[in-house]
Amino acid sequence: MDKEIIDRLEDIRNRMVQAHKIFSTAAYDLSTAIESLDEEFKDNLESYAKEADAFEPYKDDTIDSIITDMEISIDYIYDLLEGAKWYLSKQNGESMSFDEFKTLALNFSPKSTDLIYEIKRYDILNSDSSKFDIGRTGISKSFDDAKRTLWRGTSRGMPFGTFYEIIERTLNEISCQDFRYWLFNEDGQLLDYTYSDDANHLFRGFDTVRFKPGEIVLFINHQYKTIEPCVIVEPPYTITECWELNNRLRDECLENEEAYTKAIYEKKNKGKDCYKIYTLNMEKLIDCLPVSLIRASDPGDRSRVPMISSEDYRSLKGWYDDYISKNQEYDI
């Protein structure tokens, strides 16, 4: 197998993407056309048109299922393409340099070029329970435009603060898929970003990890719309740690005379793009994406991000010290 097969796969995938766009648009137009038919005609559709029931709008086993099958095929070809690239890079004892590895980590290209950027502003409603809600949303056609919109939207008029999120996604009449997320503070400064599970990204995309084990920060709980204090138990892997894992797994496969594949790496790296945290409200360990965490305000801090009370701080620190103590005893 050589580079020719990769070029062929890329060409096939590009043609599949174009076909998917054309079919999706046609499917939406078909649904609209059927809805516009006379009611009497629609009521007796089978009497007038042979097998017309097969074209009922939004019927699960017709148009939508075909579009879904096309999307799955496009994803399959993309996975096959990435796997072939990975496989070829491992042949004859070849290995990529750290700079090549880092470039892959930081330069993810979404599968579709038709992207939009959704901007969400979250307003913190009060300083006690730290409840928040969506204050404003918007859509831009580029990330730079989205950032400019965000800057225009920053305001010091909110009594208890704001934070912002930009979501990169595809959006059409049929489906929506997220790729990347960015988190900004109330002054429009970037805090963190991450890839979604749908991005199918081989390496993690963060140059650094913001928080260390034992740090007490705030968790943005979108499910309950609260900002809760938590303690960091395990941070995600850095790019360097992913690189070291890659080399270690590759060496182990070579020693055992086994092929080193993408699946082996992903299995060992599963879940390492998330922080593991402990919250007082949930009273359990949970995994959360890096963009779900922000640093709390310090005494005298002019920002309006909530502070962590002394009682919560002591409770979280006590829990973490006990957790570390028990795990050290177990390791011994």
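This section reports on the structure supplied with the text. Given the structure is predicted, the values throughout are model-derived calculations rather than measurements. (Residues numbered from 1 in each chain as written. Predicted model: local features only at pLDDT ≥ 70, side-chain atom pairs only at ≥ 80, totals over all residues. Heavy atoms only, no water.)

**Here's the deal with the pattern of salt bridges**
Across all of its chains, the model carries 12 salt bridges by this definition. In this structure, Arg-15 and Asp-11 form a salt bridge, with 3.1 Å as the shortest nitrogen-oxygen distance. With Arg-15 and Asp-11 both in helix α1 (residues 3–35) and 4 residues apart, the pair spans about one turn of that helix. Residue Lys-225 is joined to Asp-133 by a salt bridge in which the shortest nitrogen-to-oxygen separation is 3.1 Å. Here Lys-225, found in the loop between β6 (216–221) and β7 (226–234), pairs with Asp-133, found in strand β2 (residues 132–140); they are 92 residues apart in sequence, far enough to count as distant. Note on Lys-225: relative accessible area 36%, which makes it partly exposed. On the accessibility criterion, Asp-133 (32% relative accessible area) is partly exposed. (Salt bridge = Lys/Arg side-chain N within 4 Å of Asp/Glu carboxyl O. Helix = DSSP H or I, 4+ residues; strand = E, 2+ residues; numbered from the N terminus. Buried < 20%, exposed > 50% of the residue type's maximum accessible area, 1.4 Å probe, protein only.)

**Details of the sheet that holds strand β10 (residues 293–294)**
Read across the open sheet, the 5 strands follow the order β9-β8-β7-β6-β10; overall the sheet is antiparallel. Edge positions in the open sheet fall to β9 (284–288) and β10, since each of these has one partner strand only. Looking at chain direction, β6 and β7 are connected through 6 bridges and run antiparallel. Looking across to β7, one finds that Val-217 is bridged to Cys-230. (Pairing = 2+ DSSP bridges.)

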